[in-house]
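# Working through the structure, step by step
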Amino acid sequence: MKQTETKPWRVITARELVEMELPQLEPLPLLGQEGFLYQGCAHLLVAHPKAGKTQVILHSACQWLEQGMRVAILYEEGQALMQYRLKTQASLQPVVRNELLFVELDCPLSGEVLKALDAELKADIYVVDTARAFLPIRNENDNAELAAHHYPLVRASQEIGKTLIMLHHAPQELPVKVALRSAGGLATAGAYDMIIAIEEIQRGDDFFYRVQAEGRLKAPQPFEYRWENDTLVLEAVAPYTQRLRTAVIRALMQLHQLYPDTAYFGTREIQDLLEIDGNPTPRQVIDALLQLAQQGAVEESPTRGVRNTRLWRLVSSLFPEGDLRENKLTDADTPPTPPESSDSAL
């Protein structure tokens, strides 16, 4: 490595970097799931207010502590509320036995404050609950201000070699892209190695929480969880593209049932009947239709509809349980005018 005393930079070759003895990126469990958190990395965990970010961290901390980690949480909740959580939830007793550290901070959090705190606590994992409570950011629409607070903090955590987990609020309308789901968008998310998003989903009378992640490391398989009293129930989640294709098939089946005399339907009609979370864009719906067409489940009309709308019909539908059903549509069907569409070349 070449370094001078007069210039504030370091130069290292690729060979030197490969040969350096650096700590390996070991995974940390998030509710028992790997691929979302890594030791020594910086993470941004986002969700709507009161969606259970703190609850997720406390239950995950049980596992971190049992692995011998030292964990410190900078928390915004009052002591009485935190005491109530710890006393009334039997599943959180490991954090009491293993002495999880709660930190009250009387000054804004910065990289220098984090270093000073670590000099005393020497924790392995620092959780900041939440960004709005500890970072002196006045305007979350000011990208320069966001970067000026988040990047130095992440850099400080890297310099001391500690894991940083920043809890943050999500905007009211959740974008499809996980990295855009934090208040401040990419100006905030860009500072962190992994962005983990928790989304609340209601199915009937039941509420589920879906966890997804994006970042500099390979995105893990999403999972869902729910609470039954004090018990955590985990469920696997199919990839979003797979769920979108299934939703498209079901939407087309419904359209064929509603309009039996219509052979082809526009992208907008299909999109309007999709039963899936995440608000997929028209481009995503078209991509799903094209994938289904390659699989022989969907056929695109050789002609366009009103306003140059792309038209589609269902040929067969493969359900998750493997039940392949053929539609009674034939090649002799001609595409009549579909229901009104506002799509342009979709």
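For the structure, check the block above.
Described below are features of the structure shown in this document. (Residues numbered from 1 in each chain as written. Predicted model: local features only at pLDDT ≥ 70, side-chain atom pairs only at ≥ 80, totals over all residues. Heavy atoms only, no water.)

Scanning the protein chain from terminus to terminus reveals 11 helices and 18 strands. A burial count over the protein chain gives 45% of its 346 residues as buried. The contacts of the protein chain with a sequence gap of at least 6 include a subset with a gap of at least 24, amounting to 62%. For the protein chain, the accessible area works out to roughly 18,600 Å², and carbon and sulfur atoms hold 49% of it. (Helix = DSSP H or I, 4+ residues; strand = E, 2+ residues; numbered from the N terminus. Buried < 20%, exposed > 50% of the residue type's maximum accessible area, 1.4 Å probe, protein only. Contact = heavy atoms within 4.5 Å. Areas by Shrake-Rupley, 256 points an atom, 1.4 Å probe, with all protein chains shown as cover.)

Quick look at unusual backbone geometry now. The omega torsion across D129 and T130 is 10°, close enough to zero to call that bond cis. Structurally, T130 can be placed in the loop between β8 (125–129) and α6 (131–134). The backbone of K50 sits at a positive phi, close to 65°, despite the residue not being glycine. With respect to the helices and strands, the residue K50 is situated in the loop between β5 (42–47) and α2 (53–66).

Another point: the pattern of salt bridges. For the structure shown, the criterion picks out 12 salt bridges. With its nearest N and O atoms 2.9 Å apart, the salt bridge here joins E299 to R313. Here R313 lies in strand β16 (residues 311–314) and E299 lies in strand β15 (residues 298–300), a separation of 14 residues in the sequence. Using a relative accessible area of 3% as the deciding quantity, one classes R313 as buried. With a closest N to O distance of 2.9 Å, E300 and R310 form a salt bridge. Separated by 10 residues along the polypeptide, E300 in strand β15 and R310 in the loop between β15 and β16 bring together distant segments of the chain. Take R310: its relative accessible area is 15%, and that puts it in the buried class. Salt bridges linked by common partners bring E112, K115 and E159 together as one network. (Salt bridge = Lys/Arg side-chain N within 4 Å of Asp/Glu carboxyl O.)

Together, I12, L17, M20 and L22 line one region of the surface with nonpolar side chains, adding up to about 330 Å² of accessible area. Tracing the backbone shows I12 in the loop between β2 (10–11) and α1 (14–19). (Patch = residues over 30% accessible without salt bridge, like charges linked within 9 Å, V, L, I, M, F, W, Y side chains within 5 Å.)

Applying the stated criterion across every chain yields a total of six aromatic pairs. When the ring of F223 is compared with that of Y225, the centres are 6.4 Å apart and the planes differ by 40°; the resulting orientation is tilted. Owing to a relative accessible area of 1%, Y225 belongs among the buried residues under this scheme. (Phe/Tyr/Trp six-rings, centres within 6.5 Å; stacked < 30°, edge-to-face > 60°.)

A word on the side chain of Q271. Locating Q271 in the fold gives a position in helix α10 (residues 267–272). Ignoring sequence-local partners within four residues, the contact set of Q271 consists of P280, T281, P282 and V285.

Attention now moves to the packing of helix α5 (residues 111–121) against helix α7 (residues 143–159). Direction vectors running N to C along α5 and α7 enclose 30°, while the axes themselves pass 8 Å from each other. Relative to α7, the element α5 lies roughly parallel. Our pair here, α5 against α7, has a crossing hand that is right-handed. Judged by residue contacts, G111, L114 and K115 of α5 engage P152, L153, A156, S157 and E159 from α7. Split by residue class, the contact of α5 with α7 holds four nonpolar, two polar and two charged. (Axes fitted to C-alpha atoms, helices over the stretch in contact; angles between N-to-C directions. Parallel < 35°, antiparallel > 145°, perpendicular 65-115°, else oblique. Left-handed = near helix turned anticlockwise from the far one by under 90°. Nonpolar A, V, L, I, M, F, W, Y, C, P; charged D, E, K, R; others polar.)

Structural remark: α-helix, 3.6 residues per turn; residues separated by three or four positions point the same way. The terminal C-alpha atoms of α2 lie 20 Å apart, and with 14 residues this matches the ideal 20 Å at 1.5 Å per residue to within 8%. With 12 of 14 residues buried, α2 lies mostly within the body of the structure. Looking only at α2, the buried set comprises K53, T54, Q55, V56, I57, L58, H59, S60, A61, C62, W64 and L65. Note on α2: the residue one or two positions beyond its end, G68, has a positive phi of about 90°. (Expected span 1.5 Å × (residues − 1).)

Once that is clear, we can look at the side chain of Q212. Along the chain, Q212 turns up in strand β11 (residues 206–215). Exposure remark for Q212: the relative accessible area of 12% places this residue in the buried category. Every residue in contact with Q212, bar those within four places of it in the chain, is listed here: F36, V178, R181, I195, I196, A197, E199 and P222.

This paragraph deals with α7. Between its first and last C-alpha atoms α7 spans 24 Å; for 17 residues at 1.5 Å apiece the expected length is 24 Å, and the two agree. Among the residues making up α7, those that are buried are E145, L146, H150, L153, V154, A156 and S157. Buried positions in α7, seen along its axis, are confined to an arc of 160° and lie on one side of it. Looking at α7, the residues exposed on the side facing more than 90 degrees away from the buried face are A144 and E159. The secondary structure elements touched by the buried residues of α7 are β5, α5, α6, β9 (163–169) and α8 (186–189). Here α7 starts with a cap whose side-chain oxygen sits 3.1 Å from the backbone nitrogen of A144, and that cap is D142. A positive phi of about 70° marks G161, the residue just after α7. (Arc of directions from axis to C-beta. Polar contact = N/O pair within 3.5 Å; in protein donor to acceptor, adjacent residues only side chain to side chain.)

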